[in-house]
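Remarks on the overall topology
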Amino acid sequence: MASKHRLDLLVIDGYNVIFKSERYMARMDRSGVSDPFEQSRDLLISDVAAYAKGKYEPVVVFDAANNVSPERPYTERGGVRTIFSKTGESADTVIERLVTEERLVPHAVTVVTSDSTIRATVGGIPVSRISSDVLVHDVDALAVEYEHENAARIRMIYQIRQNRSGVLLVVSHLGTSIRMRECDDFLNASLHSGVGCL
């Protein structure tokens, strides 16, 4: 029986990445009512799932010092394993332990952090390092790419039709209709002239 090829491990210093991104920081709840990082963590985990898909086995490590509830279980969502360090233990320690375990296998690891202490202690073969800024840039580019792909899919799903009264509608393949807005220029360029928008 052939053995399954294991993907390289991607270990991410979660809060270090969050603090490097305006996108994640904008999701912080500053009301003081709930966990201020919950939405930021959720967005980061979703982004990491998309970024790592088919290339990495991702693990995001969060420091207990920044947790409202320091006793959090290990979880996995969207193929991303999430580890919260225990009370009194730093994320740095968890990251160093994960890297050491993988080195003994040996198994390739990529560590994402801008923390100079972690970068200094985890380097070497088979470990590579990526700064948090690079990951944030790559994830932002991936988000823009997905946005363009989704817009293209929407354009393919909807088409323009004229009903019996001569009213132009945007009709989806699902059968729902919506009125076209701001489409005079589009209509004049692509359909017969003299027909306006609602």
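Details of the structure are given in the entry above.
Residues numbered from 1 in each chain as written. Predicted model: local features only at pLDDT ≥ 70, side-chain atom pairs only at ≥ 80, totals over all residues. Heavy atoms only, no water.

A word on the packing of aromatic side chains
Aromatic ring pairs are reported here in terms of the distance separating the ring centres and the angle at which the planes meet. Our working rule: Stacked, tilted and edge-to-face are the three classes assigned to paired rings of Phe, Tyr and Trp, where Trp is represented by its six-membered ring and a pair needs centres within 6.5 Å; plane angles under 30 degrees give stacked, over 60 edge-to-face, the rest tilted. Put simply, a charge is over a ring when the Lys NZ or the Arg CZ is close to the ring centre, within 6 Å, and near the line of the ring normal, within 35 degrees.
Using the criterion set out here, one finds 5 aromatic pairs in the structure. Aromatic rings pair up to connect Tyr15, Phe19, Phe37, Phe62 and Phe84 into one cluster. Stacked on the ring of Phe62, the Lys or Arg Arg41 has its end atom at 5.8 Å from the ring centre. Over the ring of Tyr51 we find Lys55; its NZ or CZ atom is 4.6 Å from the centre of that ring.

Looking at the nonpolar core
How we decide: Here, nonpolar core refers to any group of buried Ala, Val, Leu, Ile, Met, Phe, Trp, Tyr and Cys residues whose side-chain atoms link them within 4.5 Å. Buried residues are those whose accessible area, probed at 1.4 Å on protein chains only, stays under 20% of the maximum for their type, while exposed residues exceed 50% and partly exposed ones sit between those limits. Every helix listed is a DSSP run of H or I at least four residues long, and every strand listed is a run of E at least two residues long, numbered separately from the N terminus. We call two residues in contact when some of their heavy atoms are within 4.5 Å.
In terms of nonpolar packing, the biggest core is built from 25 residues, with Ile12, Val17, Leu44, Tyr51 and Phe62 touching the most fellow members. When contributions to this core are tallied by element, the ones reaching two or more residues are β1 (8-13), α1 (14-18), α3 (38-52), β2 (56-62), β4 (80-84) and α6 (132-157). The dominant element in this core, judged by the number of residues it contributes, is α3, at 6 residues. Dropping the residues within four chain positions of it, Tyr51 is found in contact with Leu10, Tyr56, Ile130, Leu135, Asp138, Val139 and Leu142.

Digging into the environment of Gly14
Positionally, Gly14 belongs in helix α1. Leave out the neighbours within four places in its chain, and Gly14 touches Leu44, Val60, Val61 and Phe62.

Quick look at the pattern of salt bridges
Basically, it comes down to this: Salt bridges are counted wherever a side-chain nitrogen of Lys or Arg sits within 4 Å of a carboxyl oxygen of Asp or Glu.
The full count for this structure, using the stated rule, is 6 salt bridges. One salt bridge in this structure joins Asp42 and Arg77, with 3.4 Å as the shortest N-O distance. In this pair, Asp42 is assigned in helix α3 and Arg77 in strand β3 (residues 75-77), connecting sequence segments 35 residues apart. What makes Arg77 partly exposed here is its relative accessible area of 41%. Among the salt bridges present, the one from Glu89 reaches Arg97, with a minimum N-O distance of 2.9 Å. The exposure class assigned to Arg97 is partly exposed, which follows from its relative accessible area of 36%.

Here's the deal with unusual backbone geometry
In this structure, Pro106 follows Val105 across a cis peptide bond, with omega equal to -15°. Mapped onto the fold, Pro106 is located in the loop between α4 (91-104) and β5 (109-112).

Structural notes on α3
This is how the line gets drawn: For a helix, the expected span equals 1.5 Å multiplied by the residue count minus one.
The end-to-end C-alpha distance of α3 is 21 Å, a good match for the 21 Å that 15 residues give at a rise of 1.5 Å each. Of the residues trailing α3, Gly54 is marked for its positive phi of about 80°.

Topic: the sheet that holds β4
The line we're drawing: Two strands qualify as a pair provided DSSP detects at least 2 bridges between them. As a rule, the C-alpha atoms of each element are fitted with a line to give its axis, helices using only the stretch in contact, and angles between N-to-C directions run from 0 to 180 degrees.
The strand order β3-β4-β2-β1-β5-β6 describes an open sheet built from 6 strands, whose pairing is mixed. Edge strands, defined here as strands with exactly one partner in the open sheet, are β3 and β6 (127-130). Across this sheet, the average inter-strand angle for adjacent strands is 25°, counted without regard to direction. Bridging between β5 and β6 involves 4 bridges; their strand directions are parallel. If you follow Val112 over to β6, its bridge partner there is Ile130. Here α3 sits on the sheet and contacts β1, β2, β3, β4 and β6; the angle it forms with β2, its principal contact strand, is near 160°. In this fold α4 packs onto β1, β2, β4, β5 and β6, with an angle of close to 155° to the strand it touches most, β2.

Regarding the side chain of Glu102
Let me state the cut-off plainly: Residues adjacent in sequence count toward polar contacts only when both atoms are side-chain atoms; beyond that, a polar contact is any pair of N or O atoms within 3.5 Å, and within protein one must be able to donate a hydrogen and the other to accept it.
Inspection of the secondary structure puts Glu102 in helix α4. A residue is classified by how much of its surface remains accessible, and Glu102, at 10% relative accessible area, is buried. Only 2.6 Å separates the side chain of Glu102 from the side chain of His107, close enough to count as a polar contact.

Examining α4
Put simply, the rule reads: Each C-beta atom gives one direction from the helix axis, and the arc is the one those directions make.
Compared with the 20 Å implied by 1.5 Å per residue over 14 residues, the 20 Å span of α4 between its first and last C-alpha is a close match. Buried within α4 we find Ala91, Asp92, Val94, Ile95, Leu98, Val99 and Glu102. Down the axis of α4, the buried side of the element spans an arc of 165°, and every buried residue falls inside it. If you follow the buried residues of α4, they end up packed against β1, β2, β4, β5, α5 (116-122) and β6.

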